[in-house]
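Chain by chain, the residues:
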Amino acid sequence: MEILLLITLFVVAVFLGVEMITKVPPTLHTPLMSGSNAISGISLVGALLSAGSGAGIWVNVLGFIAVVLATINVVGGYMVTNRMLAMFKRK
């Protein structure tokens, strides 16, 4: 039963994330990436807790996948933010 709850939570999180990104105009995507890094960091902590919980093989696998995806999102967000901030530095 716990795995069903975790899968449901994952599906709802994916749906809300997609809705959040698709409703934003393209000119705001870079600032939005900066703000969403905090949310991804929180998701990364939850994924780490799920992956290391030892609640079952599927929980560990889904937790590991969540860790990988959240890490990619955080690193990509910081790279985009760094690039955006570099545009405003004086030479």
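Per an unreviewed UniProt entry, the protein is named proton-translocating NAD(P)(+) transhydrogenase, and its organism is Shewanella fidelis. The heading Subcellular location (unreviewed entry) in the UniProt record of the protein holds the text "Cell inner membrane". UniProt, in the comment section headed Catalytic activity (unreviewed entry), describes the protein in these words: "NAD(+) + NADPH + H(+)(in) = NADH + NADP(+) + H(+)(out)".

Okay, the packing of helix H1 (residues 2-22) against helix H3 (residues 57-87) next. The N-to-C vectors of H1 and H3 enclose an angle of 15 degrees; their axes lie 10 Å apart at closest approach. When the axis of H1 is compared with that of H3, the two are roughly parallel. Along this stretch, H1 crosses H3, giving a crossing that reads as left-handed. Where H1 approaches H3, its residues Ile3, Leu6 and Ile7 are matched on the opposing element by Trp58, Val59 and Leu62. Partitioning the contact of H1 with H3 into residue classes produces six nonpolar, no polar and no charged.

The feature "transmembrane region" (unreviewed entry), as given by UniProt, occupies residues 57-81 in the numbering adopted here. Between the C-alpha atoms that bound residues 57-81 there is a distance of 36 Å. The span itself is 100% helix and 0% strand.

Compared with an ideal rise of 1.5 Å per residue, which puts 31 residues at 45 Å, H3 spans 45 Å between its outermost C-alpha atoms and is within 8% of the ideal. Inspection of H3 places Val59, Gly63, Val67, Ala70, Val74, Gly77, Thr81 and Met84 among the buried residues, and these make up the whole buried set.

What follows covers the environment of Gly56. Within the element layout of this structure, Gly56 appears in the loop between helix H2 (29-51) and H3. A relative accessible area of 27% places Gly56 in the partly exposed class. The spatial distance from the C-alpha of Gly56 to the C-alpha of Ile3 is 8.8 Å, given a sequence separation of 53 residues.

Thresholds applied
Residues numbered from 1 in each chain as written. Predicted model: local features only at pLDDT ≥ 70, side-chain atom pairs only at ≥ 80, totals over all residues. Heavy atoms only, no water. UniProt positions renumbered as here; feature names shortened; annotations may be inferred. Axes fitted to C-alpha atoms, helices over the stretch in contact; angles between N-to-C directions. Helix = DSSP H or I, 4+ residues; strand = E, 2+ residues; numbered from the N terminus. Parallel < 35°, antiparallel > 145°, perpendicular 65-115°, else oblique. Left-handed = near helix turned anticlockwise from the far one by under 90°. Contact = heavy atoms within 4.5 Å. Nonpolar A, V, L, I, M, F, W, Y, C, P; charged D, E, K, R; others polar. Expected span 1.5 Å × (residues − 1). Buried < 20%, exposed > 50% of the residue type's maximum accessible area, 1.4 Å probe, protein only.

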